[in-house]
Amino acid sequence: MKMSFKTKLIVVVNVILLLASISIFAITSVNLASFEKNAHEENIQYALDVEYQKEISEARSNFEISQINLKYAKKWSGKAEHYYQQIIDYYETTTFHADSQEMIEKTKEAKVQWEKNYASEKSYYESFMLSVYTSGSIVPIKLSEFEYTSYRACALELSDMCRELHIPDLSDTSD
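All values reported here derive from a predicted model rather than from experimental measurement.

**Q** Could you give an account of the nonpolar core, naming the residues involved and the relevant values?
**A** Residues Y72, W76, I87, Y148 and L158 are the most contacted members of the largest nonpolar core, which totals 25 residues. With 11 residues, the top contributor of residues to this core is helix α3 (residues 62-93). Every residue in contact with Y148, bar those within four places of it in the chain, is listed here: D49, Y52, N69, Y72, A73 and W76.

**Q** If you had to explain the environment of K122 to someone new, which residues and values would you point to?
**A** If you trace the backbone, K122 turns up in helix α4 (residues 100-132). K122 sits 28 residues away from S150 along the chain, and the two C-alpha atoms are 9.3 Å apart. Those residues in contact with K122 that lie beyond four places of it in its chain are F146 and E147.

**Q** Go over the pattern of salt bridges with me, naming the residues and quoting the values.
**A** When the charged atoms of two side chains lie near each other, side chains of opposite charge can form a pair. Scanning the entire structure with this criterion turns up nine salt bridges. Note that E51 and K75 form a salt bridge whose closest N and O atoms lie 3.5 Å from each other. Here E51, found in helix α2 (residues 47-58), pairs with K75, found in helix α3; they are 24 residues apart in sequence, far enough to count as distant. The class for K75 is buried, based on a relative accessible area of 19%. For E55, the salt bridge identified is with K71, shortest N-O distance 2.9 Å. With E55 in helix α2 and K71 in helix α3, the pair connects residues that are 16 residues apart, well separated along the chain. In the salt-bridge network here, residues are joined through shared partners; they are E81, K111 and E115.

**Q** Quick one: what's the story with the packing of aromatic side chains, residue by residue and with numbers?
**A** Taken as a whole and assessed by the stated rule, the structure comprises 10 aromatic pairs. Aromatic pair Y52 and Y72: ring centres 5.6 Å apart, planes at 75 degrees, arrangement edge-to-face. One end of the pair, Y52, is in helix α2; the other, Y72, is in helix α3, and 20 residues separate them in sequence. Comparing Y52 with Y72 shows no difference in burial state: the two are buried. When the centroid spacing of 6.4 Å and the interplanar angle of 25 degrees are considered together, the rings of Y124 and F128 count as stacked. Within this pair, Y124 and its partner F128 are both found in helix α4, separated by four residues, close to a single helical turn.

What counts and what doesn't
Residues numbered from 1 in each chain as written. Predicted model: local features only at pLDDT ≥ 70, side-chain atom pairs only at ≥ 80, totals over all residues. Heavy atoms only, no water. Core = buried A, V, L, I, M, F, W, Y, C linked by side-chain atoms within 4.5 Å. Buried < 20%, exposed > 50% of the residue type's maximum accessible area, 1.4 Å probe, protein only. Helix = DSSP H or I, 4+ residues; strand = E, 2+ residues; numbered from the N terminus. Contact = heavy atoms within 4.5 Å. Salt bridge = Lys/Arg side-chain N within 4 Å of Asp/Glu carboxyl O. Phe/Tyr/Trp six-rings, centres within 6.5 Å; stacked < 30°, edge-to-face > 60°.

Below, the structure written as structure tokens:
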């Protein structure tokens, strides 16, 4: 059976389209797998977050919400202290870093600087909240939430630094 030029062209175009769709499917599958992996990583819940969400959902008053925020701010602060110490301990016991002593000092300076920045930001935020909300019980909630989110962000950043240094976190009992 002899095929006409038009038939051959249709076959070639169909083969090209088939190959293109296979390529697109492969690329889409890889991108989808990557997307699913990233989405999973973004949904990772920290144990303190789970506890916090449970308690906040059960709070019955603004006072309770403020108290829960402050309770978990203190827990995240403890975690931040733990991670700062882990980094310092790492540099104290690591002999292959020529700049270990310098890094210990920089870590201590960073901690002091973070505390100063936090105090300044908290003072500003408190003034701002009091100027916006002249009365009511929202200010204590907002301030305690600010404290909670600040310490949480600090602790998570330090946790990431420890992970990048391959510091095992076997002794974290700062809950």
